[in-house]
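Survey of secondary and tertiary structure
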Amino acid sequence: MEGPVSAAAEAVTDALRELHTRFTGLRDGQLADYIPQLARTEPDAFGLALISMDGHRYSAGDADAPFTMQSVSKPFVYALALSVLGLDEVCRWVNAEPSGEAYNAISLEPDTGRPDNAMVNAGAIITTALIPDTPDAPRFDRILDCLSRFAGRRLDVDEQVYASEAATGDRNRALAYLIRSTGPLPVDPVAAVETYFRQCAVRVTALDLAAMAATLAHGGVNPLTGEAVVPEPVAAQVLAVMATCGMYDASGDWLLRVGLPAKSGVSGGLIAAGPARFGLATYSPRLDPTGTSVRGRAALGALSERLGLHLMHNPALAGSTVTLVATADELPAAGAAPRDRAPRERGAVVAAQGAIDFTAAERVLYALDESRPGEAGPVVLDLRQVTGIDRVARAMLRSGLGRIAADGVRTAVADPARRLTPPGPGRQDGPTALRCFATREEAVAWCTSGTAD
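No experiment lies behind these values; they were computed from the predicted model shown.

Cut-offs applied
- Residues numbered from 1 in each chain as written.
- Predicted model: local features only at pLDDT ≥ 70, side-chain atom pairs only at ≥ 80, totals over all residues.
- Heavy atoms only, no water.
- Helix = DSSP H or I, 4+ residues; strand = E, 2+ residues; numbered from the N terminus.
- Buried < 20%, exposed > 50% of the residue type's maximum accessible area, 1.4 Å probe, protein only.
- Contact = heavy atoms within 4.5 Å.
- Areas by Shrake-Rupley, 256 points an atom, 1.4 Å probe, with all protein chains shown as cover.
- Phe/Tyr/Trp six-rings, centres within 6.5 Å; stacked < 30°, edge-to-face > 60°.
- Lys NZ or Arg CZ within 6 Å of the ring centre and 35° of its normal.
- Axes fitted to C-alpha atoms, helices over the stretch in contact; angles between N-to-C directions.
- Parallel < 35°, antiparallel > 145°, perpendicular 65-115°, else oblique.
- Left-handed = near helix turned anticlockwise from the far one by under 90°.
- Nonpolar A, V, L, I, M, F, W, Y, C, P; charged D, E, K, R; others polar.

The number of helices and strands found in the protein is 15 helices and 13 strands. For the protein, with 453 residues in total, the buried portion stands at 56%. Within the protein, counting contacts between residues at least 6 apart in sequence, those at least 24 apart form 70% of the total. About 18200 Å² of surface is accessible on the protein, with carbon and sulfur atoms providing 51% of the total.

Encoded structure:
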């Protein structure tokens, strides 16, 4: 992130850094040596990135290292095809059923010749071929433009990787000819595969992929640029196919254990989307037998467990967490009586409501950061209308408020249930202690009076 580091940024970035440190030493897996150029990749590169629905960017490790998309491009080209042709027309050519087979398997419906889904190579080749090709807008130009809009910046092609794939891609050519022999390939097999090779060779970073995943999670709207890249129903359809098919023959186990729509690629990229919450991406090129990044799979699994990200968990209602943000000239200056009309110290009051999870906690912390006038004025967080705070959100709020207090800012919480008070006997003391009060007035009075609990 740019500019001063906020409490919310530190709370999320710390989690990514911890995972990066935890899994850096994991060196299982092999590079994708069947594409010669990928075999030259730095095997120990490792980056993680997360982008929230509010466009906040978090990263750790080699999140800016460039690599090619490979199969991670498939969901986004599928989104383009759905946007142009609609679900029914695309499904005439490509099914939407899990194959239970590897990414390069011959998974064709016996009667129609349709591939099982758009995430396996056979289905992705047809999906690429479905993109319109006109003199004014060539097929690959449309694809590259779409991928760039998902990423929020102009992307390019790694020509060396493209040439390497084109030189060794006979199995994909064979798949295309086999599909054509059954009827459902709408263009020449050679043209379809060459465009597919270029699509796979588009160059990105983990932060780019996090933005792309976040765009799907945000109903097709890029949270960095605000552009509606695809319609909301299309984003939902793509996430559904990612959830059931994105990890090939490991899709069921992934959804069971990690619980997020995801897509892997043999260059080491891996994306996951938390609908209405965030986009996640990792980059580490050592692969397991299914073609998935070993470190990426481990890191996203651990992050999902740590932050309670599984889709089947009961989420908090989004969008209505923060009910009041006040930069308060109404707070009396430190040392003044509460009703004193002497010069007043500027401070911040943020009130929240409902159930607080990861996304809600991030919004609360950013509201605290944005409400502060830049001086070390008092900060009050009002949680009286909050119905519940999950384990992850509780840790985030404690950490964020503790960082604010460590900067010398008098910080208090209005919460009769004292849900942010650390468990265990004794009283918490020191500069980062969280002072909890039954009412907002008591919290404000303590912040501005300089007295203890």
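What follows is about the packing of aromatic side chains. All told, the structure shown has five aromatic pairs when counted by the stated rule. For the pair F437 and W446, a centre-to-centre distance of 6.0 Å together with 35° between the ring planes defines the contact as tilted. The residues F437 and W446 share a single accessibility class, namely buried. Over the face of the ring belonging to W446 we find R410, whose NZ or CZ atom lies 4.0 Å from the ring centre.

Only a minority of non-glycine residues have a phi that is not negative, and only a minority of peptide bonds are not trans. Not every positive phi belongs to a glycine, and A276 is a case in point at roughly 65°. Relative to the helices and strands, A276 resides in the loop between strand 7 (269-274) and strand 8 (278-283). For R418, which is not a glycine, the phi torsion comes out positive at approximately 50°. By the secondary structure assignment, R418 is in the loop between strand 12 (411-414) and strand 13 (435-437). Residue R418 is classed as partly exposed on the basis of its relative accessible area, which comes to 44%.

Taken N-terminus to C-terminus, the directions of helix 7 (residues 170-182) and helix 8 (residues 189-200) make an angle of 140°; their axes are 9 Å apart at the nearest point. When the axes of helix 7 and helix 8 are compared, the pair comes out oblique. The way helix 7 lies across helix 8 gives a crossing that is right-handed. Counting all contacts with helix 7, which are made through N172, R173, A176, Y177 and R180, the residues of helix 8 involved are P189, V190, V193, E194, Y196 and F197. Split by residue class, the contact of helix 7 with helix 8 holds seven nonpolar, one polar and three charged.

Everything listed here is a matter of geometry and, on its own, says nothing about what the molecule does.
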